[in-house]
Amino acid sequence: MNRNYLLAAAAMTCLWAAASTPFNGIITRNDFTPMKGVKVYVTDPHKYSKTDKHGRFGLTDVAATDSLHIVVKKQTYVIPVDSARSMRIVVADEGGIKNAYEDPELVDMGYGFVSRREYNSPTSGISGDRLVATGRSDILDALVGLVPGLERKNNGTVQLRGANSLTGPTEPLYVVDGVIVPDFGGINIHQVESVEVLKDGSIYGSRGAGGAIIVKTKRGR
């Protein structure tokens, strides 16, 4: 085999191991019903995700050589990642892991499964009702005053004080129902379920250097 090809492949493997990418997973019982509240972590048990009512969980910074730790009824099971970028896990009725395999469809979900419990970042969680109570029709205008450090300039740009944006974008990233969007134009404030404001948007890579404003709509729910 071509030596240059081998070197390139090795380099790509190293880049994958070091990259910050989302790792999505689903945990079900033997009959494929979802398991809620299962704790999942890689190395630090204090930096974890928990499955939601659909059995979904998400982590970041999972390397190809890492292992997942799955905590079910105080019993911890270890599953090697083995270069997978997502995983469906089936827990046997009698205990233990019956099956665990990569599901390419979960990779396309991006950061949609990543739980806020998995990272310790300054956040502000605001309900849609609080936004409506401000009397503003624009989501960003409503957030100003509710989120400490959130500023809207005269030219319409938005900045989050405390966000790490030395070389990256200074404006926060806008996300609606897990999809990155250019702005919140066209979204009716009455359709907002909740808003999450992250001064540390590092889970989105360099694009989140200016922070992130994450909107969940009632339709998305």
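Placed above this text is the structure.
Description of the structure in this document. The structure presented is a predicted model; accordingly, all values stated were derived computationally and were not measured.

### Describing the side chain of threonine 28
With respect to the helices and strands, the residue threonine 28 is situated in strand E1 (residues 22–29). Contact partners of threonine 28, with chain neighbours within four places excluded, come to Thr33, Pro34, Met35, Ile89, Val90 and Val91.

### A word on the side chain of asparagine 24
Take asparagine 24: it is sitting in strand E1. Among the residues examined, asparagine 24 registers a relative accessible area of 1% and is labelled buried. Of note is the side chain of asparagine 24, whose polar atom sits 2.8 Å from the backbone oxygen of leucine 106.

### Thoughts on the pattern of salt bridges
Overall, the coordinates contain five salt bridges when judged by the stated rule. Across the pair arginine 88 and aspartate 103 runs a salt bridge whose closest N-O atoms are separated by 2.3 Å. Of the two residues, arginine 88 sits in strand E7 (residues 86–91) while aspartate 103 sits in the loop between strand E8 (97–101) and helix H2 (104–107), which places them 15 residues apart along the sequence. Relative accessible area serves as the criterion here: at 10%, aspartate 103 is assigned to the buried category. Between aspartate 141 and arginine 152 there is a salt bridge, with the nearest N and O atoms lying 2.8 Å from each other. Here arginine 152 lies in strand E10 (residues 150–152) and aspartate 141 lies in helix H4 (residues 139–143), a separation of eleven residues in the sequence.

Criteria and cut-off values
Residues numbered from 1 in each chain as written. Predicted model: local features only at pLDDT ≥ 70, side-chain atom pairs only at ≥ 80, totals over all residues. Heavy atoms only, no water. Helix = DSSP H or I, 4+ residues; strand = E, 2+ residues; numbered from the N terminus. Contact = heavy atoms within 4.5 Å. Buried < 20%, exposed > 50% of the residue type's maximum accessible area, 1.4 Å probe, protein only. Polar contact = N/O pair within 3.5 Å; in protein donor to acceptor, adjacent residues only side chain to side chain. Salt bridge = Lys/Arg side-chain N within 4 Å of Asp/Glu carboxyl O.

These values are about where atoms sit, not about what they do.
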